[in-house]
Amino acid sequence: EVQLVESGGGLVKPGGSLRLSCAASGFPFSTYDMNWVRQAPGKGLEWVSCISTNSRYIYYADSVKGRFTISRDNAENSLYLQMNSLRAEDTSVYYCVRGGNGIPIRSSWFDPWGQGTLVTVSS
Amino acid sequence: QSVLTQPPSASGTPGQRVTISCSGSSSNIGTNTVNWYQQLPGTAPKVLIYSNNQRPSGVPDRISGSKSGTSASLAISGLQPADEADYYCAAWDDSLNELMFGGGTKVIVL
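Undergrad: What am I meant to see in the interface of chain A and chain B here?
TA: As a measure of interface size, the accessible area lost when the parts come together is often cited. At the junction of the two partners, chain A supplies 21 residues and chain B supplies 20 residues. Together chain A and chain B conceal approximately 1700 Å² of surface at their shared face, both sides included; 61% is due to carbon and sulfur atoms. On the chain A side of the interface with chain B, the three residues burying the most area are L45(A), R106(A) and W109(A), jointly 37% of the side's total. Linking chain A with chain B are one salt bridge, by the criterion used here. Put simply, R106(A) and D94(B) hold a salt bridge, and the shortest N to O gap is 3.2 Å. Applying the counting rule to chain A against chain B returns seven residue pairs in polar contact (both at pLDDT 80 or more). The set of elements that each furnish at least two residues to the side of chain A that touches chain B consists of β4 (34-39), β5 (45-51) and β6 (58-60) of chain A. It is β5(A) that contributes the most residues to the side of chain A that touches chain B, three residues altogether.

Structure follows, in structure tokens:
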């Protein structure tokens, strides 16, 4: 069974940092692009970042560029999101999402999604 | 305001057909494929339609997707109470180099 399990969420003060992790299992992790997608309370979905299989290609939403860093460890089947300079508007559930396998990102889709981890930025 | 525009809500009675639109531009829907996601209350989203009109295994054929020019649509036939959920379209935008989601449409079964 394909599984994505996020961890690392919590309460952090504005300006603080947090590192999210996603443990993947049930599929050949190193052959899939991976993504982070977030959802603020009561709001819609917002794509955050994507990383290609070998970390060669990385993309960020403009709203997090320069503050967040996506990375992966294929040996550990893990995806990460380092979040710095956090703001109140970063408060969201963060989902780890599998992307494409040998498909250009512009043509791929997200399946499956993890259960999400809540990040709350508040003083 | 989202780059991809969806109506905030759509409704129908059981058995009816509901259609959700997703309007974009030449840099996103006009060039790239569209995917649709369903989010049931309190759960993570799941893919409903990929590559404009493809259904993953397990999605019934009363669910369909289409794309024409810079717009896409999701149709749900034979509406059921279990279809009450939020639905999101998504497409890569070549100008922004970002994946864009529509604002989401809440489907209400009356």
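Undergrad: When you look at the environment of S27(B) in this model, what are you seeing that I'm missing?
TA: Residues and elements named next belong to chain B. With respect to the secondary-structure elements, S27 resides in the loop between β2 (18-23) and β3 (35-39). For S27, a relative accessible area of 14% corresponds to the buried category. Taking C-alpha positions, S27 is 23 Å from L48, a pair spaced 21 residues apart along the chain. Beyond its immediate sequence surroundings of up to four residues, S27 is in contact with N32, W92, D93, D94 and S95.

Undergrad: Is there a simple way to think about the packing of aromatic side chains in this case?
TA: A ring pair, where both rings are aromatic, is described by two values, the distance of the centres and the angle of the planes. All told, the structure shown has 12 aromatic pairs over all chains when counted by the stated rule. When the centroid spacing of 5.7 Å and the interplanar angle of 75° are considered together, the rings of W47(A) and W92(B) count as edge-to-face. Here the residue W47(A) occupies a position in strand β5, and W92(B) occupies one in strand β7 (residues 85-93), the pair thus bridging two chains. Across the pair, exposure class does not vary: W47(A) and W92(B) are buried alike. Seen from their ring centres, Y59(A) and W92(B) are 5.2 Å apart, and the 75° between their planes marks the pair as edge-to-face. Separated into two different chains, Y59(A) in strand β6 and W92(B) in strand β7 make up a pair that spans both. Judged by its relative accessible area of 22%, Y59(A) is partly exposed. Look at W92(B) and you get buried, because its relative accessible area is 1%.

Scoring rules and cut-offs
- Here, residues in each chain are numbered from 1, in the same order as that chain's written sequence.
- Chain A is the first chain written and ligand 1 is the first ligand written, with later ones labelled in order.
- At least 70 in pLDDT is required for a residue's local features to be given in this predicted model, at least 80 for side-chain atom pairs to be given and counted, and no such filter applies to totals for whole chains, interfaces and linings, which use all residues.
- Based on all heavy atoms of the structure, the side-chain values leave hydrogens and waters out of the count.
- We call two residues in contact whenever any of their non-hydrogen atoms come within 4.5 Å of each other.
- Values labelled buried area give the accessible surface lost by two parts on being combined, using a 1.4 Å probe and summing over both.
- One side-chain nitrogen of Lys or Arg within 4 Å of one carboxyl oxygen of Asp or Glu is enough to make a salt bridge.
- Polar contacts here mean pairs of N or O atoms no more than 3.5 Å apart (in protein, one a potential hydrogen donor and the other a potential acceptor; neighbouring residues in sequence count only if both atoms are side-chain atoms).
- Only DSSP runs of H or I with at least four residues qualify as helices, and only runs of E with at least two residues qualify as strands; both kinds are numbered from the N terminus onward.
- Type-normalised accessible area, obtained with a 1.4 Å probe on protein chains alone, sets the label of each residue: buried when under 20%, exposed when over 50%, and partly exposed for intermediate values.
- Note on aromatic contacts: the rings of Phe and Tyr and the six-membered ring of Trp form a pair at centre separations within 6.5 Å, being stacked when their planes are under 30 degrees apart, edge-to-face when over 60 apart, and tilted otherwise.

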